[in-house]
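Examination of the molecular architecture
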Amino acid sequence: MIVVGAGLAGLVAAAEAADAGRRVLLLDQEPEQSLGGQAWWSFGGLFLVDSPEQRRLRVRDSVDLAWQDWLGTAGFDRPEDEWPRRWARAYVDWAAGEKRAWLAAMGHSVVPVVGWAERGGHFASGVGNSVPRFHVTWGTGPGVVEPFERRVRAAAETGRIEFGFRHRVDALTLTNGVVDGVSGTVLEHSDVPRGAPSSRTAVGEFEFRAQAVIVTSGGIGGNHGLVRQAWPARLGTPPNVMLSGVPAHVDGRMIGITERAGGAVINRDRMWHYVEGIANWNPVWPLHGIRILPGPSSLWLDAAGQRLPPPLYPGSDTLGTLECLRRTGHDHSWFILSKKIIAREFALSGSEQNPDLTGKDRKAMLTSRFGGAVPGPVQAFLDQGEDFVTAPDVAGLVAAMNELTGSQPALDAAAIEREIRARDADTTRPFGKDFQANAIRRARAYLGDRLVRVARPHALLDPAAGPLIAVRLHVLTRKTLGGLHTDLSSRVLDASGDPVPGLYAAGEAAGFGGGGMHGYRSLEGTFLGGCLFSGRAAGRAAAGAL
């Protein structure tokens, strides 16, 4: 069989097929140093349900609660959501069952403190996680990729797997309606670093035949033209300027190529973009952005200086916040916080932004996460990031914010100081009406947040907590939630809902399963897990069908 795309889903599919005794050709347009794709760059978060780590932290979780959260977040409401919903249910069951043991058998492990992503804040039956479920891999993204890269390379040594790097697939070949291979362009050798744009100079052509083709080529997040084309009206207008949370080669080409071969794409308008993006001071790819993984304490203002409405606090509802901000007519928003908050609450998404976890350095992790100082990667952004300004008082801070944006729009220092003082008074009283202050207190009721994630409530204007910091935030493209329509065997379906013979898909190209198992929104930790689950299903199903 042929697997198109050597990211995480492709590695899993290839490894499973090879273990089943099949011969696999693994193709990718990028050079070998980019093996593992986007997953290598990730924070390594995985969605697990009722795990030992949760139970040690006195978190009570269950399949029923996780499924309630998934349904409330996904909002499935279309006839074509039948397969995505089935995929979602199967995934939640897997996350509560075999997933952790399957990974552990390959040497995978997670850090002991479970994160609480997408906290919601609307209704108990609505969007978000009711409990912490975000399990960070020990080793971050590379730690997720490594077991499958090891399996694939071992299979290559025995001749079960062959690699075809710098092979860009341009078409799927069909004979009598059956997908039986691929054709495309051989690109010139490239020594660029992992993730950096590689040459598109052609040096040859290829055509390969197989009994099955699995498409695992990723989504569209690196192609802003396609993102804008698919942008739904419900999220307002797309930003004029966006940052990229994925390399430029995440271009969506193979989704269109598979569609032209008869595969159906559904839920094209469902997408997942972050609103806490900052420009990388040391970029690898064009418009390289990093997402802040915020705790709940920063004051969030829109571009005009108006506080966001509840419950749109940091870390609560990503797409709800995106929708709100797109109504302002501006492409940026602001966090205002103290040095005390940034030291405790700012984590940066990405393996390269977390050297302690990525390098599996326990001493460095204890120093970074418990030492009380601003972590080194965050301090680098404070020192060199174009979106960060600091000042000892509100007047100086707002002046620096206006200078950064050319006063487009101009911010009123007096109005912002009144908002901060009102927030500070409510936060430091034992009782009050500010729902963000209540959310902070409830977060600290969770042991994991109190230990490493959420700062003790304090006044932003307390000199002992300063200086004041403002961070300009941008929309950061990331995940494609719709994709190739697949059944639970990862077979690609045509417009009539029938399988296209010989054709399978997994990972982000398949909306992580079914053409959109997340629905409209994600519970987080489910993107890497979706690659694992759908890649495993595709590899096993395709191997079993031969």
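One can find the structure itself at the top, above this paragraph.
In this report, the structure presented in the accompanying data block is examined. Computed from a predicted model, the values in this text were never measured in an experiment. (Residues numbered from 1 in each chain as written. Predicted model: local features only at pLDDT ≥ 70, side-chain atom pairs only at ≥ 80, totals over all residues. Heavy atoms only, no water.)

Side note on the pairing of strand β18 (residues 468–480)
- Along β18, 13 of the 13 residues are buried, which leaves the element largely enclosed by surrounding structure.
- Pairing analysis gives 2 bridges linking strand β10 (residues 243–244) to β18, with the strands arranged parallel. Looking at β18, one finds that L243 is bridged to L476.
- As paired elements, strand β12 (residues 271–279) and β18 share 5 bridges and run antiparallel to each other. (Buried < 20%, exposed > 50% of the residue type's maximum accessible area, 1.4 Å probe, protein only. Helix = DSSP H or I, 4+ residues; strand = E, 2+ residues; numbered from the N terminus. Pairing = 2+ DSSP bridges.)

Quick notes on helix α16 (residues 413–427)
- For α16, with 15 residues, the first-to-last C-alpha span of 21 Å sits near the 21 Å given by 1.5 Å per residue.
- Here α16 has its buried residues at I416, I420, R423, D424, D426 and T427. Angular distribution of buried residues about the axis of α16 spans 165°; they occupy a single face of the element.
- Looking at the buried side of α16, the elements it contacts are β14 (299–302), β15 (332–338), α15 (394–405) and α17 (435–444). (Expected span 1.5 Å × (residues − 1). Arc of directions from axis to C-beta. Contact = heavy atoms within 4.5 Å.)

Thoughts on the side chain of T477
- Tracing the chain through its elements places T477 in strand β18.
- Setting aside residues up to four positions removed in sequence, T477 forms contacts with G221, H224, V227, M242, L243, S244, G245, V246 and H273.

Side note on the environment of E345
- Within the secondary structure, E345 sits in helix α11 (residues 339–345).
- With relative accessibility at 0%, the residue E345 sits in the buried group.
- Remark: the alpha-carbon pair of E345 and P296, spanning 49 residues in sequence, is separated by 7.8 Å.
- In contact with E345, other than residues within four places in its own chain, are L293, P294, G295, P296, S297, S298, R453, V454 and A455.

Section: the sheet that holds strand β9 (residues 213–215)
- If you trace the 6 strands from one edge of the open sheet to the other, you get β5-β2-β1-β9-β21-β20, paired in mixed fashion. Of all strands in the sheet, those bounded by a partner on one side alone are β5 (161–165) and β20 (491–493). Averaged over all adjacent pairs, the angle separating strand axes in this sheet is 30°, with direction ignored.
- With 3 bridges joining them, strand β1 (residues 2–4) and strand β2 (residues 24–28) adopt parallel strand pairing. Following the sheet pairing, V4 is matched in β2 by L27.
- Against the sheet, helix α7 (residues 140–157) touches β2 and β5, its axis set at about 110° to β5.
- Along the sheet, helix α19 (residues 527–545) contacts β9 and β21 (499–505); its crossing angle with β21, the most-contacted strand, is approximately 145°. (Axes fitted to C-alpha atoms, helices over the stretch in contact; angles between N-to-C directions.)

So, unusual backbone geometry
- Note that the residue after P310, namely P311, is joined by a cis bond; omega there is 5°.
- The peptide bond linking G466 to P467 adopts the cis configuration, its omega dihedral lying at 10°.
- By the element assignment, P467 lies in the loop between α18 (447–452) and β18.
- The backbone of S490 shows a phi angle near 65°, a positive value even though the residue is not glycine.
- Within the element layout of this structure, S490 appears in the loop between β19 (483–484) and β20.
- Here S490 falls in the buried class, since its relative accessible area comes to 0%.

Section: the packing of α16 against α17
- Two elements in contact, α16 and α17, have axes whose closest approach is 9 Å; the angle formed by their N-to-C orientations is 45°. Considering their axes alone, α16 and α17 lie oblique with respect to each other. In the packing of α16 onto α17, the handedness of the crossing is right-handed. Residues R423, D426 and T427 of α16 pack against A437, I440 and R441 of α17. (Parallel < 35°, antiparallel > 145°, perpendicular 65-115°, else oblique. Left-handed = near helix turned anticlockwise from the far one by under 90°.)

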